[in-house]
Structure formats: structure tokens, C-alpha cells
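In case you want the letters, here they are:
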Amino acid sequence: MASSCYYLRLEKVYTSAIFRPQKQSHASPNENGSVFSSPISSFSVLSSSHLFSTRLPLPKTAALRSHSWLLSIRASSPSSSSTTVAEPEGIKINSVPTKPIEGQKTGTSGLRKKVKVFMQENYLANWIQALFNSLPPEDYKNGLLVLGGDGRYFNREAAQMIIKIAAGNRVGKILVGKEGLLSTPAVSAVIRKRKANGGFIMSASHNPGGLEYDWGIKFNYSSGQPAPESITDKIYGNTLSISEIKVADIPDIDLSLPQVTKYGNFSVEVVDPVSDYMELMEAVFDFDLIKSLFSRSGFRFTFDAMHAVTGAYAKPLFVDKLGASLDSIKNGAPLEDFGHGHPDPNLIYAKDLVDIMFAENGPDFGAASDGDGDRNMILGKGFFVTPSDSVAIIAANAQKAIPYFKDGPKGLARSMPTSGALDRVAEKLTLPFFEVPTGWKFFGNLMDAGKSSICGEESFGTGSDHIREKDGIWAVLAWLSIIADRNKDKKPGEKLVSVSDVVEEHWATYGRNFFSRYDYEECASEGANKMIEYLRDMVSKSKPGEKYGSYALQFADDFAYTDPVDGSTVSRQGVRFVFTDGSRIIFRLSGTGSAGATVRVYVEQFEPDVSKHKIDAQTALKPLIDLALSISKLKDFTGREKPTVIT
């Protein structure tokens with residue numbers, strides 16, 4: 001049995017694995033033996049002429065992770081078989097019959113499901129082929145596409161599948177990060193620098209990873225921005241009618257070393273995931289200014305990579321380039337399951353960092369980023385900066401502290417649920433301002449048209465037009481630049497301007513927008529949808545001046561948006577109750593989860609009185625929070641007593 005290997009076909013999920021040998025002269029020795037207990041799948045022999053296969057390492061939950069097994073793209077019925085459709089320049093391309101699979105509509109940022117859903121027969125392959133069916137041939141044929149991800153479980157297997165389907169659809173070249181790693185901001189940066197036609201991002205963002213958890217895929221266009229709804233709608237439509245998958249018959253690509261692999265006219269280049277992104281950051285920021293801050297004996301810094309993709313960037317950037325100490329990087333090794341953590345940089349899931357920063361002798365500056373590196377959390381010593389305040393403060397200080405903005409921002413934009421703090425900066429600086437639906441793709445047109453250059457979302461997303469994605473490390477560097485600029489003239493031993501000093505000074509200038517978000521994760525979809533419909537009905541009957549407790553209604557609506565660049569429209573983006581004193585209550589269902597529904601409730605109240613700025617936000621907002629829970633009947637519809645996360 002020394003020359004045996006095993007061809008396995010994914011049949012059903014979660015039963016047992018039956019291994020049957022088929023001779024292959026190139027295979028390394030494997031174990032003969034027979035039936036192994038596994039929570040994954042039941043497998044049976046399938047002739048290689050009927051499938052496209054990619055080697056999958058056995059999941060950690062099974063005993064044989066070190067051995068290879070094969071996930072197949074196979075004909076959707078026993079009577080069907082794959083056929084060779086072309087052999088351009090020596091590459092055999094097979095057409096594998098398939099059938100539509102329900103539930104492949106993309107959300108706010110791509111397609112996200114549980115890993116085991118993506119492991120189902122042809123599930124991922126159908127979506128990738130549907131994407132190619134949705135694009136004009138000139139957008140990919142003989143072109144360059146980028147591929148990367150956050151390192152989560154299933155990325156290695158998915159990368160091989162994507163490469164082979166791309167080759168089957170006549171893509172000319174794939175540029176992929178070493179080990180399949182590229183942060184979401186880095187993918188956008190690489191697309192733009194290399195003038196690629198687009199790129200795939202393998203990530204479920206801030207959602208947990210591992211066999212039992214989440215996986216996701218999305219496509220970014222040639223400007224580096226997420227595909228617009230006109231494309232994602234086409235993808236979904238094509239998933240409902242797909243009949244074949246085009247697959248190149250090429251071996252798996254070694255992604256462990258920077259190198260170029262060629263098969264005929266198709267090539268795969270494995271690149272360092274950090275270098276292009278680092279080069280861009282050096283062009284945006286004054287690294288010498290930030291170095292001067294790190295060199296001060298009185299300044300202490302910590303960054304929590306949450307065992308996610310920014311761990312690959314943290315040491316080269318913060319330590320090697322800027323001079324931070326190595327022990328300032330926490331959880332810096334990217335892991336497939338994020339160290340059994342939830343890579344969402346907020347006060348709940350980044351509790352270890354919060355505890356460090358709120359300790360008696362905590363560091364001066366702390367930050368964290370999420371699974372794919374596009375979100376951020378900023379903390380000072382004993383102080384949390386809300387994302388809504390963060391983007392406003394970056395915008396207010398950008399021209400002075402960040403060389404990229406030496407001529408000032410072109411305009412500012414925020415997502416609708418984000419607080420109005422940014423609006424006040426735009427007004428004071430006389431800059432164009434835009435309010436858009438949730439989803440970074442809505443900022444892209446504004447940036448491409450030169451209408452906006454700093455954008456933010458209350459969901460810990462901040463960025464600028466240096467790329468077309470939100471960017472966690474960019475936000476950290478922006479804050480470090482502001483702190484460094486405020487302290488550049490301080491003499492040794494002088495008290496440094498702190499994070500809290502910067503925020504409180506901003507409030508004194510612009511007023512404070514008290515803001516909080518309540519997340520109710522994985523609610524039953526039926527109850528959550530009924531609640532939103534109930535609120536929409538309430539909005540349709542509402543009238544200005546109606547009293548809601550002590551608040552008088554200015555207007556209520558279901559937010560709709562018309563893009564000022566291309567005139568495209570979207571509707572039903574969140575139910576809003578806006579009161580005459582400027583206070584707001586907003587209800588949305590999130591599109592970034594992989595199971596059930598996440599209900600988000602946002603409350604905001606403006607306070608100009610400096611003497612009240614240090615009141616705890618939950619105390620200041622309690623009347624509005626109570627009103628929000630009352631008018632929505634959230635407990636009745638969802639059965640939830642308390643939120644999962646409060647921001």
C-alpha cells in the first residue's frame with residue numbers, strides 16, 4: 001500500500017469518513033485501514049475524470065489533520081459527467097455539470113455562511129462560477145486577479161478551488177498572498193497598485209473562525225472597492241440558473257513561498273502580503289513623526305491583533321519600521337480559529353485589551369483590529385474612543401497631522417447609523433458631506449468622483465481614499481500621527497497630550513454626540529423581520545410633532561439613498577425616528593452575520609454643554625434607550641432580555 005492515495009467525494013455532512021484506496025504512483029504513503037470516525041463527512045471513491053478536486057487538510061476536530069483528503073467539485077447527478085471544453089496552451093479545462101443551490105445571495109459585504117455550508121458539494125464553486133458568469137469577459141479574460149484572505153479555517157482549501165476555476169474561465173494571472181494571507185485593505189491596495197481587474201477576499205470579517213463557525217467570500221472591482229449591488233445582484237441571479245462549472249485541470253499551487261508558477265498562458269504569483277501595503281502607508285503618513293512618539297520614554301503602546309490577519313503586519317510595521325517594542329504586540333500570530341476568540345475589536349470581544357488599558361498603570365495608547373484587518377478600536381489610558389468620534393477627530397486633524405491630507409480632505413462621509421459628530425466637522429471646515437447606507441461599497445463612488453476622502457462607520461470601520469476599503473491599521477496610524485503631532489514640541493519630562501485630552505478638546509469645540517449601539521446577535525429571523533415590519537408600519541402612520549415620551553418627532557422614515565454620482569438608488573436601509581432636539585433612534589438588521597439575524601439598535605443625543613460631556617454615555621442615553629426598546633417591542637418580537645454587545 002506504499003503507493004496508495006485516496007480519492008474522496010464529499011457526500012453528506014457530519015457522519016463518518018470511509019477511506020478506500022486507489023493506486024497513484026505519485027502519492028506518499030498513507031494508512032490502510034478503513035473506517036475512521038469523523039464529524040465531517042462520508043466519503044466514497046470517485047473517478048478523477050468526474051471531478052475537480054483540491055487537497056484539504058483534515059479539520060482539527062478529526063484525528064487525521066496531517067493527512068490529505070479531497071473536496072470535489074463534481075457532476076450534480078450520477079448520469080452527468082464532466083467534459084473537456086478546451087485545452088488552451090496545454091491546460092485542460094473541464095465543464096462540470098451542476099445545479100443551482102439556494103441561499104447564495106450576498107449581504108452587506110459578500111457571501112457569509114457557516115464553514116460546513118461552504119463545504120457542501122459545489123457550494124463555493126457555484127458562487128465563484130456565477131461571479132464569472134456575471135462579469136463582462138473583458139473584466140477578467142487574460143487579466144490579473146488578486147486573491148487573499150484573513151487566514152481563517154477553510155481559506156487554504158478555498159484558495160486552490162478559486163485558482164482552478166479562475167484558470168478554467170481564462171483568467172491570465174492570479175496574484176495571491178503567501179499562505180493565502182492578505183488583509184482586506186491590502187487586497188484593495190494591491191489591486192490598485194498592480195492595476196488588477198479585481199480580487200477575491202476570503203473572509204467572514206469580524207466573525208469567529210473554525211470548522212463550527214464562519215467563512216465568507218467577496219469580490220472587489222478594479223478600483224479596489226467591493227463589487228456594487230448591480231454586480232452582486234447579477235451573481236445571485238446566476239446562482240439560480242447555473243448549470244456548469246469551468247475548471248482547469250492543474251495541480252494545487254504551493255502558496256508557502258514567493259514564486260511564480262505557470263501552466264501555459266496561466267500563472268500564479270505568490271507575493272509577500274505586507275510589502276505593497278507597507279509602501280502605501282509610508283506614502284500616506286510621516287513615519288519619522290510616529291517614530292519620534294515611540295522613542296519617548298513616557299509613551300507606551302499596545303496593539304492586539306486578535307490572532308487575526310493584522311498579526312502578519314504588526315511586527316513589520318509597528319516594531320521593525322516604527323520602533324515599538326516587540327512585547328507591545330499582543331496575539332500577533334494569525335490562527336485559523338483566531339485562538340478560539342471572536343476577532344471583533346469592541347469592548348466585549350477585545351476584553352483582554354480593554355483590561356490592560358483600564359488597569360491602574362495601563363499603556364498610553366491601545367488599539368485592536370479584526371479578522372480581516374478592516375476594523376479598528378482605539379483606546380487611551382482608561383478611555384474608549386467611539387468609532388463615531390474617532391472618524392470625526394481624524395477628519396478634524398488630518399490636514400495638520402497626516403501628509404496625505406496636506407491640502408485638506410476633499411469631503412467627508414459616514415454611514416447613516418453613525419453619529420452626527422462628523423457632520424459638525426464638515427460644517428466647520430466647509431467640506432462636502434454625505435450620508436450613505438451601511439456598507440463600504442457606498443463610499444467608493446464618492447471617492448472615485450473626488451467628492452469624499454475620509455469616511456467612517458459606527459461599526460468600527462474608518463478609512464480614506466488611499467484605498468477603497470475601510471482600513472484598521474490606517475486608523476491606528478492616523479491616531480498615532482495625531483498624538484505624535486500634539487506632542488512633537490514637548491520636552492523630555494513634560495506631560496504628554498493623551499488620547500482623552502484630544503477627545504475632550506474635540507468635544508469642547510464641536511459638542512458631544514452621545515452614542516450607543518445595542519446588538520442582539522443570532523436572533524430568530526422570523527421574529528426580527530416581524531419587528532422591522534412593525535416599525536415600518538409605525539413609520540408610515542407617523543406625523544411630525546407626535547410625542548414619544550418627552551421627545552417630539554421631527555420625522556420618521558425607512559432610509560433610502562440616491563447615489564449622487566451614478567444616480568443608483570437603494571431603499572429600506574434602516575428605520576429612523578428623528579426628534580426635534582436632534583436625537584435619533586435607528587433600527588437595522590445587519591447583513592454581516594452568517595446565521596440568524598442580528599438586530600442593531602442605535603441611539604444618539606447631541607450635548608453642547610461642556611459640563612455634561614463626561615457623563616457616562618449609558619447614563620446620558622438611558623431615556624432614549626428605554627424609549628427605543630418600548631416602541632420597537634423588541635423583547636416581544638425576539639424574546640431577548642439583553643443585548644449581546646453594547647458599544
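The structure presented is a predicted model; accordingly, all values stated were derived computationally and were not measured. (Residues numbered from 1 in each chain as written. Predicted model: local features only at pLDDT ≥ 70, side-chain atom pairs only at ≥ 80, totals over all residues. Heavy atoms only, no water.)

S.K.: Is there a simple way to explain the overall build of the protein in this structure?
M.R.: In terms of helices and strands, the protein carries 17 helices and 36 strands. With 647 residues in all, the protein has 60% of them scored as buried. Taking contacts inside the protein between residues at least 6 apart in sequence as the whole, the part at least 24 apart equals 71%. If you sum the accessible surface of the protein, you get close to 24700 Å²; carbon and sulfur atoms cover 49% of it. (Helix = DSSP H or I, 4+ residues; strand = E, 2+ residues; numbered from the N terminus. Buried < 20%, exposed > 50% of the residue type's maximum accessible area, 1.4 Å probe, protein only. Contact = heavy atoms within 4.5 Å. Areas by Shrake-Rupley, 256 points an atom, 1.4 Å probe, with all protein chains shown as cover.)

S.K.: Please explain the sheet that holds strand E26 (residues 454-457) as it appears in this structure.
M.R.: One open sheet accounts for four strands, arranged E25-E24-E26-E27; its pairing is mixed. At either margin of the open sheet sits one strand with a lone partner, and together these are strand E25 (433-436) and strand E27 (461-464). This sheet shows a mean twist of 15° between the axes of neighbouring strands, independent of strand direction. Note: E26 against E27, four bridges, orientation antiparallel. Within the sheet, the bridge partner assigned to glutamate 457 lies in E27 and is glycine 461. The sheet contacts of helix H11 (residues 421-428) involve strand E24 (412-415) and E25, and relative to E24 the element is tilted by about 165°. (Pairing = 2+ DSSP bridges. Axes fitted to C-alpha atoms, helices over the stretch in contact; angles between N-to-C directions.)

S.K.: How should I be thinking about the pairing of strand E18 (residues 266-271) in this particular structure?
M.R.: The side chains of a regular strand alternate, residue by residue, between the two faces of the sheet. Of all six residues making up E18, six are buried, and the element is well covered by its neighbours. On E18, burial covers both faces: Phe266, Val268 and Val270 on one face and Ser267, Glu269 and Val271 on the other are all buried. Here five bridges tie strand E13 (residues 173-181) to E18, and the two strands are oriented parallel to one another. Looking at the pairing, lysine 173 lines up with serine 267 of E18. Judged from the five bridges that link them, strand E17 (residues 259-263) and E18 form a sheet pairing that is antiparallel. Bridge pairing in E18 links threonine 261 to valine 268. Taking the residues between adjacent antiparallel strands as the criterion, E17 and E18 are bridged by two residues, where glycine 264 takes a positive phi near 60°.

S.K.: What exactly am I supposed to notice about the environment of serine 550 here?
M.R.: Locating serine 550 in the fold gives a position in the loop between strand E29 (547-548) and strand E30 (551-558). Given a relative accessible area of 62%, serine 550 falls into the exposed group.

S.K.: Explanation requested: the pattern of salt bridges in the structure shown.
M.R.: Opposite charge on two side chains permits them to pair, given that their charged atoms come into close proximity. For the structure on display, the rule yields 43 salt bridges. A salt bridge links aspartate 485 to lysine 400; the nearest nitrogen and oxygen atoms lie 2.6 Å apart. In this pair, aspartate 485 sits in helix H13 (residues 472-487) while lysine 400 sits in helix H10 (residues 387-401), placing the two residues 85 residues apart along the sequence. Of the residues examined, lysine 400 reaches a relative accessible area of 62% and is grouped as exposed. We note a salt bridge from lysine 470 to glutamate 457, for which the minimum N-O separation is 3.6 Å. Of this pair, lysine 470 sits in the loop between E27 and H13 while glutamate 457 is found in strand E26, placing the two residues 13 residues apart along the sequence. (Salt bridge = Lys/Arg side-chain N within 4 Å of Asp/Glu carboxyl O.)

S.K.: Explain the pairing of strand E35 (residues 597-607) to me, please; I cannot follow it from the model alone.
M.R.: E35 sits mainly inside the fold: 10 of its 11 residues count as buried. Pairing between strand E28 (residues 512-523) and E35: 10 bridges, direction antiparallel. Residue pairing for E35: cysteine 523 is matched across the bridge by alanine 597. Here strand E34 (residues 584-589) pairs with E35 via six bridges, running antiparallel.

S.K.: How do you make sense of the confidence of the model for the protein when you look at a structure like this?
M.R.: Atom-level detail of predicted coordinates should not be read off regions where pLDDT is low. Residues with a pLDDT of 70 or more make up 85% of the protein, whose mean pLDDT is 87. Below pLDDT 50 for its whole length, residues 1-70 participates in 176 contacts with residues either more than four positions away or in separate chains. (pLDDT = per-residue confidence, 0-100.)

S.K.: Would you mind going over the packing of aromatic side chains with me for this structure?
M.R.: The description of an aromatic ring pair uses the distance of the two centres, along with the angle that the planes make with each other. Within this structure, the stated rule accounts for 25 aromatic pairs. Relative to tyrosine 123, the ring of phenylalanine 118 lies with its centre 5.4 Å away and its plane at 85°, an arrangement referred to as edge-to-face. With respect to class, phenylalanine 118 is no different from tyrosine 123; both count as buried. Ring geometry for tryptophan 440 versus phenylalanine 443: centroids 4.6 Å apart, planes at 65°, classification edge-to-face. Judged on exposure class, the residue tryptophan 440 and its partner phenylalanine 443 are both buried. A network of ring pairs unites the aromatic residues Phe294, Phe299, Phe301, Phe303, Phe318 and Phe365 as a single cluster. The positively charged end of arginine 424 is found above the aromatic ring belonging to phenylalanine 606, 3.4 Å away from the centroid. (Phe/Tyr/Trp six-rings, centres within 6.5 Å; stacked < 30°, edge-to-face > 60°. Lys NZ or Arg CZ within 6 Å of the ring centre and 35° of its normal.)

S.K.: What is the right way to look at the environment of glutamate 458 in this model?
M.R.: Of note, glutamate 458 is situated in the loop between E26 and E27. Put simply, glutamate 458 and arginine 517 are 59 residues apart on the chain and 8.5 Å apart in space, counted from C-alpha to C-alpha. If sequence neighbours within four positions are ignored, glutamate 458 has contacts with Pro387, Ser388, Ser415, Pro417, Thr418, Phe515, Arg517 and Tyr602.

S.K.: So what exactly am I meant to see when it comes to the sheet that holds E18 here?
M.R.: Sheet strands pair by backbone hydrogen bonding; their relative direction is either parallel or antiparallel. The sheet built from seven strands is open, its strands ordered E11-E15-E14-E12-E13-E18-E17 with mixed pairing. Two strands bound the open sheet, and with one partner strand each, they are strand E11 (111-114) and E17. Adjacent strand axes in the sheet meet at a mean angle of 15°, parallel and antiparallel pairs treated alike.

S.K.: Mind showing me how you'd approach the packing of helix H4 (residues 184-193) against helix H6 (residues 275-284) here?
M.R.: In a pair of packed helices, the angle between the axes and the distance between the axes together describe the arrangement. Two elements in contact, H4 and H6, have axes whose closest approach is 9 Å; the angle formed by their N-to-C orientations is 85°. As the angle between them shows, H4 and H6 are arranged roughly perpendicular. The residues of H6 that touch H4, namely those facing Pro185, Ala186, Ala189, Val190 and Lys193, are Asp276, Tyr277, Glu279 and Leu280. Across the contact of H4 with H6, the residue classes tally to six nonpolar, no polar and three charged. (Parallel < 35°, antiparallel > 145°, perpendicular 65-115°, else oblique. Nonpolar A, V, L, I, M, F, W, Y, C, P; charged D, E, K, R; others polar.)

S.K.: Even after reading the chapter, I still don't get the side chain of histidine 466, so can you show me in this structure?
M.R.: The topology assignment puts histidine 466 in the loop between E27 and H13. Residue histidine 466 is classed as buried on the basis of its relative accessible area, which comes to 4%. Each residue touching histidine 466, except ones within four places of it in the same chain, is listed here: Arg192, Leu280, Met281, Val284, Tyr404, Asp471 and Trp474.

S.K.: For this particular structure, what's the right way to read the packing of H10 against H13?
M.R.: At a minimum axis separation of 10 Å, H10 and H13 run at an interaxial angle of 55°. In terms of orientation, H10 and H13 fall into the oblique class. Crossing hand, H10 versus H13: left-handed. From H10, Ser390, Ile393, Ile394, Asn397, Lys400 and Ala401 reach across to H13, where they touch Trp474, Ala475, Ala478, Trp479, Ser481, Ile482, Asp485 and Arg486. (Left-handed = near helix turned anticlockwise from the far one by under 90°.)

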